[in-house]
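Geometric and topological summary
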Amino acid sequence: MAATAIRAGFLTSVQDLGRTGFREFGISTSGALDSFALRVANLLVGNDEGAAGLEITLGGLQLRFDDERIVAWCGGEFDVHIGSTALPAGHTAFLRAGEELKFGRPQIGCRCWLAVSGGIDVPLVLGSRSTDLRANFGGFEGRTLRDGDVIPLGIPRRSKTAATAGISSWTAPHDWASPAKRGPILRFVRGIDSSRFNDVTIQRFTSEAFTVLPDSDRMGVRFDSPELQRKDNIDLTSEAVAPGTIQVPPSGKPILLLGDCQTIGGYPKIAHVITVDLGMAAQLRAGDHVRFCEVSLSDAQRLLLERERELERFRIGLSLQGS
């Protein structure tokens, strides 16, 4: 039971919901950069939410399946086909043995997450199947996929919610299945070091658009202008950072940390992107423009709780769909 990567694509890796409990030892969380998108895709195909799937960056992936599988994907605006039939984001599809699934290049965003019934069956490393691309462990031999790789798949459990033929007419909510947007606005709460920046700098941060630089990756999104200048140049003691933290190095060009980020950092932390907007952040690619909007911590918590309640309703809806 496996899938063969006829073409591995630009950058495709095995990811689940991440490697938790080891940051004190300097081990990054890794995992899907949009964990919510992977959770939704897994629910659609009848997997546990934390099952390992594939994170596909900039498309180009072509898979052939050895046996019957149900698949679903969520993420950027990709052209995805089973043969000549298009598979939209947030829908499930039934694939027969020998059928191929192809991902084209994205029109909006840069990443998507593919769930396959049964999950990707690679070994657990420190409690996770995620690939740590910087430390080269976990996932599929600690690396991105290559052409010709044979990817082991788990045993699918019988699901009342997944398609039994063709492509489902029902789907996940659009904003869950396709979170990528042109000119996104990322909401944030102020960081612990925001007082190190004067009012003019804070005003620039919340009123001007930032441009994504080409050297962005799974570790973080790097921005060009405008530059953010500190009040002082005092060195800071390195302390904990996490996905969503926005640091400002001496160059004044901020960095938005993502899933493969380091566990500690010494640059001042001006802000932290809220959890529900990390999926949009994961879609940023070179040349994109993004703005930032401040919200309160209580609003950030409320938005997260509301999304979790909506996800619970979605689970119930899926169970009724198959009843």
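Remember, predicted model here, so these are calculated numbers, not experimental data. (Residues numbered from 1 in each chain as written. Predicted model: local features only at pLDDT ≥ 70, side-chain atom pairs only at ≥ 80, totals over all residues. Heavy atoms only, no water.)

A few words now on the layout of surface pockets. Roughly 460 Å³ of internal volume is contained in the largest pocket. If you trace the largest pocket, you find 24 residues lining it, with Leu33, Ser35, Pro243, Thr275 and Leu278 closest to the centre. Of the residues belonging to the lining of the largest pocket, the class tally is 11 nonpolar, 9 polar and 4 charged. (1 Å grid on protein atoms, 1.4 Å probe; cavity = no way out; pocket = protein on both sides within 12 Å on 5 of 7 lines; lining within 4 Å. Points joined across faces, edges and corners; volume = space filled by probe spheres on them. Nonpolar A, V, L, I, M, F, W, Y, C, P; charged D, E, K, R; others polar.)

In this section: the pairing of strand E20 (residues 289-294). Here strand E12 (residues 185-190) runs beside E20; their pairing, made up of 4 bridges, is parallel. The residue bridging Ile185 from the neighbouring strand is Arg291, located in E20. (Pairing = 2+ DSSP bridges. Helix = DSSP H or I, 4+ residues; strand = E, 2+ residues; numbered from the N terminus.)

Moving on, we come to the pattern of salt bridges. Counting across every chain of the model gives 22 salt bridges. Arg143 is paired through a salt bridge with Asp149; the nearest N and O atoms lie 2.9 Å apart. Given the relative accessible area of 10%, Asp149 is considered buried. The salt bridge involving Lys253 is made with Asp224; its shortest N-O contact spans 3.3 Å. With a gap of 29 residues between them, Lys253 in the loop between strand E16 (245-247) and strand E17 (255-257) and Asp224 in the loop between strand E14 (220-222) and strand E15 (239-240) connect regions that are remote in the sequence. Asp224 gets classed as partly exposed once you look at its relative accessible area, which sits at 27%. Where salt bridges share partners, they join Arg39, Glu49, Glu308, Glu312 and Arg315 into one cluster. (Salt bridge = Lys/Arg side-chain N within 4 Å of Asp/Glu carboxyl O. Buried < 20%, exposed > 50% of the residue type's maximum accessible area, 1.4 Å probe, protein only.)

Moving on, we get to the pairing of strand E1 (residues 2-8). Where burial is concerned, most of E1 is hidden: 5 out of the 7 residues are buried. As paired strands, E1 and strand E11 (residues 150-152) are joined by 3 bridges and run antiparallel to one another. Looking at the pairing, Ala3 lines up with Ile151 of E11. Here E1 runs beside strand E4 (residues 61-65); their pairing, made up of 5 bridges, is antiparallel. In the sheet register, Ala8 faces E4, and the bridge partner there is Leu61.

Scope: geometric values only; no functional claims are made or implied.
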